[in-house]
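Chain by chain, the residues run as shown.
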Amino acid sequence: MIGGGIVVVVGLTFWVVTTRWLSDGAEPKADGSNEYALVLGAKVKKGSVPSKSLSYRLDAALQYAQQYPHVKLIVSGGQGPDEDATEGSVMQAYLVEHGLSPERIIIEGKATNTYENIVYSLKLLDADISALTIISSDYHLARAKMLANRLDLKVDVVTAKTPKIIEAKVRFRERFALVKSYILGR
């Protein structure tokens, strides 16, 4: 009986804390004050086609880039074993195809996770960059911000919506990823 109570308390605490973290991920909203915006990669389907999640991120990036024409975009993501091209190259092609000048895009094509997205992208910028805008799916921003903060990076965010068909699954999975990143720092 006591063991069951402990499980319930731990479970509720986990749920409340991670719900708060997820909601805090959407702030502060980007206002164009950072010179660079990092667009985090997501799955690329066969034929180098962005997944729906990635398309939503790229559409949010396009809208932000149109609103703030001085901002340069870093598109970050490597190539998974089931992908035909790097996420970064697919993202760059999508943005150019939708009217963004290639001169405003920096490609990072090695990262295999969120931590690497940030670290590898920073290596492409001047060493004095201490603030960055992050563009990703709404559920993903809390963890991206947590990792950026651990790297002493000040961030604001642009929120991309999450496809309804995967929303419940990715939000549930992200709760565990948040705890893992909180504990391990990656």
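Data block above holds the structure.
Everything numeric here is computed off the predicted structure, so don't read it as measured data. (Residues numbered from 1 in each chain as written. Predicted model: local features only at pLDDT ≥ 70, side-chain atom pairs only at ≥ 80, totals over all residues. Heavy atoms only, no water.)

### Quick notes on unusual backbone geometry
Here's step 1: The peptide bond linking E27 to P28 adopts the cis configuration, its omega dihedral lying at -10°.
Here's step 2: Tracing the backbone through its elements, the reader meets P28 in the loop between helix 1 (2-24) and strand 1 (36-40).
Here's step 3: The phi torsion at S48 lies on the positive side, around 60°, for a residue other than glycine.
Here's step 4: By the element assignment, S48 lies in the loop between strand 2 (44-45) and strand 3 (49-50).
Here's step 5: A positive phi angle is found at D152, which is not glycine, with a value near 60°. (Helix = DSSP H or I, 4+ residues; strand = E, 2+ residues; numbered from the N terminus.)

### Here we look at the packing of aromatic side chains
Here's step 1: Following the criterion strictly, the structure yields five aromatic pairs and no others.
Here's step 2: When the ring of Y64 is compared with that of Y68, the centres are 4.9 Å apart and the planes differ by 55°; the resulting orientation is tilted. With respect to class, Y64 is no different from Y68; both count as buried.
Here's step 3: Among the aromatic side chains, those forming a connected cluster through ring pairs are F14, W15, F172 and F176.
Here's step 4: Above the plane of the ring of Y120 lies K110, whose end atom (NZ or CZ) is 5.1 Å from the centre.
Here's step 5: One residue, R150, lies across the ring of Y182, its end atom 5.7 Å from the ring centre. (Phe/Tyr/Trp six-rings, centres within 6.5 Å; stacked < 30°, edge-to-face > 60°. Buried < 20%, exposed > 50% of the residue type's maximum accessible area, 1.4 Å probe, protein only. Lys NZ or Arg CZ within 6 Å of the ring centre and 35° of its normal.)

### Quick look at the pattern of salt bridges
Here's step 1: If you walk through the whole model with that rule in mind, you get eight salt bridges.
Here's step 2: The residue D82 makes a salt bridge to K43 at a minimum N-O spacing of 2.4 Å. On the criterion of sequence distance, the pair formed by D82 in the loop between strand 4 (72-76) and helix 3 (87-97) and K43 in the loop between strand 1 and strand 2 is long-range, its members being 39 residues apart.
Here's step 3: The partly exposed category is assigned to K43, whose relative accessible area is 34%.
Here's step 4: Note that K164 and E167 form a salt bridge whose closest N and O atoms lie 3.2 Å from each other. On the criterion of helical spacing, the pair formed by K164 and E167 is a turn pair, its members being three residues apart in helix 6 (residues 164-184).
Here's step 5: We classify K164 as exposed; its relative accessible area is 69%.
Here's step 6: Beyond isolated ion pairs, a larger network of salt bridges with shared partners links D138, K164, E167 and R171. (Salt bridge = Lys/Arg side-chain N within 4 Å of Asp/Glu carboxyl O.)

### Here we look at the sheet that holds strand 7 (residues 154-160)
Here's step 1: Within the open sheet, the five strands sit side by side as 5-4-1-6-7. Their pairing is parallel. Strands with a single pairing partner mark the edges of an open sheet, and in this sheet they are strand 5 (105-108) and strand 7. Each strand axis lies, on average, 25° off the axis of its neighbour in the sheet, ignoring direction.
Here's step 2: Along the sheet face, helix 4 (residues 114-122) touches strand 1, strand 4 and strand 5 and points at about 150° away from the line of strand 1. (Pairing = 2+ DSSP bridges. Axes fitted to C-alpha atoms, helices over the stretch in contact; angles between N-to-C directions. Contact = heavy atoms within 4.5 Å.)

### Some thoughts on the nonpolar core
Here's step 1: In terms of nonpolar packing, the biggest core is built from 26 residues, with V39, L58, Y64, L73, L95, L100 and I135 touching the most fellow members.
Here's step 2: Within the residue set of this core, elements represented by two or more residues are strand 1, helix 2 (52-67), strand 4, helix 3 and strand 7.
Here's step 3: Considering each element in turn, this core owes the most residues, seven residues, to helix 2.
Here's step 4: In contact with L73, not counting residues within four places along its chain, are A37, V39, A61, A65, L95, L100, R104, I105, I106 and I135.
Here's step 5: In this structure, I74, L141, L153 and V155 belong to the second largest nonpolar core, which totals 17 residues. (Core = buried A, V, L, I, M, F, W, Y, C linked by side-chain atoms within 4.5 Å.)

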